Structure formats: C-alpha cells, structure tokens
Amino acid sequence: MSLPTGDELLKVLATLANPHRLRVVAALTEERNYVSRLARELGISRALLQVHLRKLEAAGLVSGHLELSDDGKALKYYEVNGFAYDLTPAAIAAAVRTLSTSDEQKGT
C-alpha cells in the first residue's frame with residue numbers, strides 16, 4: 001500500500017472526525033447494509049445518513065451499489081472498503097511534504 005498524499009490523509013482524517021461517520025463505518029464493518037435499515041439501526045434519519053455516506057464515499061472509505069430487491073425495489077447497499085493508515089510521526093512528516101498550498105486547494 002502506498003503512502004497517502006497530505007491532501008488524501010487530510011480528507012480521510014477530516015471525514016472520520018465525526019461520531020456519526022465512525023458509527024457508520026463500524027456498522028458496515030459487521031455487514032453491508034442499505035440506507036433505510038442502516039438508518040434505523042443507527043437511530044438517525046435517512047437524510048442525515050445519506051450526507052454522511054456521501055462524505056465517506058468521497059473519501060474512498062465506503063462504496064455504494066444499487067441492487068434490486070425481490071419485490072423489485074432499488075436499494076443502495078453500502079460496504080466498507082479496505083483501508084489502513086499508518087499514523088506515525090514519520091508518515092505524517094512525509095504526507096506534509098505533499099500538501100497542496102492553500103491557493104492550489106482553492107483552484108487558483
């Protein structure tokens with residue numbers, strides 16, 4: 001596994017710096033699930049869960065796939081992607097050397 005860039009590491013850490021998203025990852029580690037059932041299990045609204053799932057998916061931590069149920073409904077199932085980050089001082093120092101400048105992040 002290659003070392004993440006500074007920008008990639010920031011995105012992952014920022015994404016995981018939320019208790020709801022940590023709970024989503026933990027629940028999906030046990031089994032893949034679809035939005036309605038996962039929302040019920042976590043005790044949050046589907047709309048809020050969708051926000052968190054989009055952020056996790058954008059960071060590459062989970063993946064969603066549409067599937068048809070037996071009764072013909074389209075359900076989006078989510079599962080955790082395998083990931084591992086080595087957060088040592090040396091790994092952070094290496095990532096810092098690849099950080100975009102604030103102008104690059106803004107697209108200017």
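What counts, and where the lines are drawn
- Residues numbered from 1 in each chain as written.
- Predicted model: local features only at pLDDT ≥ 70, side-chain atom pairs only at ≥ 80, totals over all residues.
- Heavy atoms only, no water.
- Pairing = 2+ DSSP bridges.
- Helix = DSSP H or I, 4+ residues; strand = E, 2+ residues; numbered from the N terminus.
- Buried < 20%, exposed > 50% of the residue type's maximum accessible area, 1.4 Å probe, protein only.
- Polar contact = N/O pair within 3.5 Å; in protein donor to acceptor, adjacent residues only side chain to side chain.
- Contact = heavy atoms within 4.5 Å.
- Axes fitted to C-alpha atoms, helices over the stretch in contact; angles between N-to-C directions.
- Salt bridge = Lys/Arg side-chain N within 4 Å of Asp/Glu carboxyl O.

Caption draft 1: Fine view of the pairing of strand β3 (residues 74-80). For strand β1 (residues 33-34) and β3, the ladder comprises two bridges, and the chain directions are antiparallel. Opposite Tyr 34, over in β3, you have Tyr 77 as the bridge partner. Sheet topology note: the strand β2 (residues 62-68)/β3 ladder contains seven bridges and is antiparallel. The partner of Leu 66 across the bridge, within β3, is Lys 76. As consecutive antiparallel partners, β2 and β3 are separated by five residues, and within that stretch Gly 72 has a phi angle of approximately 90 degrees, a positive value.

Caption draft 2: Main features of the environment of Leu 22. Relative to the assigned elements, Leu 22 resides in helix α2 (residues 19-30). Judged by relative accessible area, Leu 22 falls into the partly exposed class, the value being 47%.

Caption draft 3: Geometry of the side chain of Ser 63. The residue Ser 63 is located in strand β2 in this model. A distance of 2.7 Å separates polar atoms of two side chains, one belonging to Ser 63 and the other to Asn 81. Among residues more than four places away in sequence, those in contact with Ser 63 are Glu 57, Tyr 77, Tyr 78, Glu 79 and Asn 81.

Caption draft 4: Representation of the sheet that holds β3 within the structure. With respect to topology, three strands assemble into an open sheet ordered β1-β3-β2, the strand pairing being antiparallel. Looking at strand neighbours, the two that pair on one side only are β1 and β2, the edges of this open sheet. Contacting β1, β2 and β3, α2 crosses the sheet at an angle of about 95 degrees to β3. Where helix α4 (residues 46-58) meets the sheet, its contacts fall on β2 and β3, and the angle it forms with β2 comes to roughly 120 degrees.

Caption draft 5: Representation of the environment of Ser 45. Position of Ser 45 among the secondary structure elements: in the loop between α3 (35-42) and α4. When its relative accessible area of 41% is taken as the criterion, Ser 45 is described as partly exposed. In this structure, the C-alpha to C-alpha distance between Ser 45 and Val 35, residues 10 residues apart in sequence, is 9.6 Å. At 3.0 Å, the side chain of Ser 45 and the backbone nitrogen of Leu 48 are in polar contact.

Caption draft 6: Focus on the pattern of salt bridges. Under the definition given, this model contains three salt bridges. The salt bridge partner of Glu 31 is Arg 37, with a shortest N-O separation of 3.8 Å. According to the relative accessible area criterion, Glu 31 is partly exposed, its value standing at 41%. Judged by relative accessible area, which is 26%, Arg 37 ranks as partly exposed. In this structure, the salt-bridge partner of Arg 32 is Glu 67, at a minimum N-O distance of 2.6 Å. Separated by 35 residues along the polypeptide, Arg 32 in the loop between α2 and β1 and Glu 67 in strand β2 bring together distant segments of the chain. Taking the relative accessible area as the measure of exposure, Arg 32 reaches 35% and is therefore partly exposed. On the basis of relative accessibility, which here comes to 29%, the residue Glu 67 falls in the partly exposed class. What you see here is one network of salt bridges that share partners, running through Glu 31, Arg 37 and Glu 41.

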